[in-house]
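# Coordinate inspection notes
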Amino acid sequence: MRKRAVKVKHVKRRDKKSDKKKEEKYKRHKQKQKHKEKSKHVDRVEGKDSSSLQQCLGPGCVQAARSNSKYCSEDCGMKLAANRIYEILPQRIQQWQQSPCIAEEHGKKLLEKIRREQQQARMRLQEMERRFHELEAAIMKAKQQTIKEDEEMSEGESDDTDLQIFCVSCGHPINPKVALRHMERCYAKYESQTSFGSMYPTRIEGATRLFCDVYNPQSKTYCKRLQVLCPEHSRDPKVPADEVCGCPLVKDVFELTGEFCRVPKRKCNRHYCWEKLRRAEVDLERVRVWYKLDELFEQERNVRMAMTNRAGLLALMLHQTIQHDPVTTDLRTNVDR
């Protein structure tokens, strides 16, 4: 019985080995078939590609074009483009010179208008510079005046102590006698809480005392307030007791009388900070003129660039005006002219 059991075990093992060999042979056979099918498919595709290849469009080239391209190399494409330029461009230039360009005429008129505005802005700037120097001379002359006691007494008697007004910044009731001082200080306090800066300093040739331009290392910006009005980086100097107000007096609002206010500067409430306000008015007008000049220069640059690009290589190659009547060169109607 033991010998029979051993023989049965050996038979089972042989059957298992033969099954494994059959499976391995079957797998190898399948792999060979797949490889043959792939090689046949590649041969078919190569045969189709060789029949559908396009010739390179380069001048005198007989090579096959690259995939997703019309040329076999970049040199062939550049040669064809150069030949097209040499063939088409002279004719387009001749057509451009024969018929007038309306956009070119409009550009010339616009340039003339911009130049006139630039000349007016320069004259305005010269006038503001003259006013700037006249104001500085008037301030220096006003400081040389002497104090008059009778004007000081009349200034103090004319004030009404019972009347009260409210500050436009903080809303507190204040006496009209000190209203201008309080409002100016209150405004400076609130204004200094915000900052106006730029990453670049202002560099204008021939211009003095425009922007504050104090550098802030934390925000890495330059202050762009007017220098005379900046509450953050400039403070009003202390006024000595013997300094006169010196504000030029006027009649009928605008006409100068040639006289100056002789009240001490500390006690004059009518003309508080008149030098700072007059300087700020002149400086603000100068800044506006400079901005206008910068805008005009940018407009001139854009117009010139458009005029140069209009007759450029790319524009002449891509655009063309068809002139059906060789006698009529101007295609506009009489209304548009």
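A brief look at the structure comes next. (Residues numbered from 1 in each chain as written. Predicted model: local features only at pLDDT ≥ 70, side-chain atom pairs only at ≥ 80, totals over all residues. Heavy atoms only, no water.)

Scanning the protein chain from terminus to terminus reveals seven helices and seven strands. Each helix (α) and strand (β) of the protein chain, taken in turn from the N terminus, gives the series α-α-α-α-β-β-α-β-β-β-β-β-α-α. (Helix = DSSP H or I, 4+ residues; strand = E, 2+ residues; numbered from the N terminus.)

A few words now on the packing of helix α3 (residues 102-143) against helix α6 (residues 274-310). For any two helices packed against each other, one specifies the inter-axial angle together with the distance between the axes. Where α3 contacts α6, the axes come no closer than 9 Å and their chain directions differ by 160°. On the basis of the axis angle, α3 is roughly antiparallel to α6. α3 and α6 meet at a crossing whose hand is left-handed. Classifying every residue of the contact of α3 with α6 by side-chain character gives 20 nonpolar, three polar and 20 charged. (Axes fitted to C-alpha atoms, helices over the stretch in contact; angles between N-to-C directions. Parallel < 35°, antiparallel > 145°, perpendicular 65-115°, else oblique. Left-handed = near helix turned anticlockwise from the far one by under 90°. Nonpolar A, V, L, I, M, F, W, Y, C, P; charged D, E, K, R; others polar.)

Secondary-structure assignment places E243 in the loop between β5 (221-223) and β6 (248-251). E243 gets classed as buried once you look at its relative accessible area, which sits at 18%. The contacts of E243, once residues within four sequence positions are left out, are K143, I147, P264 and K265. (Buried < 20%, exposed > 50% of the residue type's maximum accessible area, 1.4 Å probe, protein only. Contact = heavy atoms within 4.5 Å.)

Quick look at the nonpolar core now. Grouped together as the largest cluster of nonpolar side chains are 13 residues, with contacts concentrated most on C245, C247, C261, C268, W274 and V282. For this core, the element with the most residues is α3, which contributes five residues. Leaving out residues up to four positions away in the same chain, C247 has contacts with E259, F260, C261, H271, W274 and R278. (Core = buried A, V, L, I, M, F, W, Y, C linked by side-chain atoms within 4.5 Å.)

Another point: the sheet that holds strand β4 (residues 215-216). With antiparallel pairing, the three strands of this open sheet are ordered in space as β3-β5-β4. Edge positions in the sheet fall to β3 (197-198) and β4, since each has one partner strand and no second. Here β3 runs beside β5; their pairing, made up of two bridges, is antiparallel. Pairing of G197 across the sheet is with C223, part of β5. (Pairing = 2+ DSSP bridges.)

Positioned with a positive phi, N68 is a non-glycine residue whose angle comes to about 60°. Mapped onto the secondary structure, N68 falls in the loop between α1 (2-52) and α2 (74-98). At K220, a residue that is not glycine, the phi angle is positive and equals roughly 55°. Along the polypeptide, K220 turns up in the loop between β4 and β5. Residue K220 is classed as exposed on the basis of its relative accessible area of 57%.

A word on the pattern of salt bridges. Pairing between side chains of opposite charge can happen when their charged atoms approach one another. Scanning the entire structure with this criterion turns up 15 salt bridges. Its salt-bridge partner being K224, residue D213 comes within 2.7 Å of it at the nearest N-O pair. In this pair, D213 is assigned in the loop between β3 and β4 and K224 in the loop between β5 and β6, connecting sequence segments eleven residues apart. Classification of D213 as partly exposed rests on a relative accessible area of 23%. In the salt-bridge network here, residues are joined through shared partners; they are R124, E127, E285 and R288. (Salt bridge = Lys/Arg side-chain N within 4 Å of Asp/Glu carboxyl O.)

Per the stated rule, a full pass over the model turns up one aromatic pair. Sitting over the ring of Y190, K189 keeps its end group 5.4 Å from the ring centre. (Phe/Tyr/Trp six-rings, centres within 6.5 Å; stacked < 30°, edge-to-face > 60°. Lys NZ or Arg CZ within 6 Å of the ring centre and 35° of its normal.)

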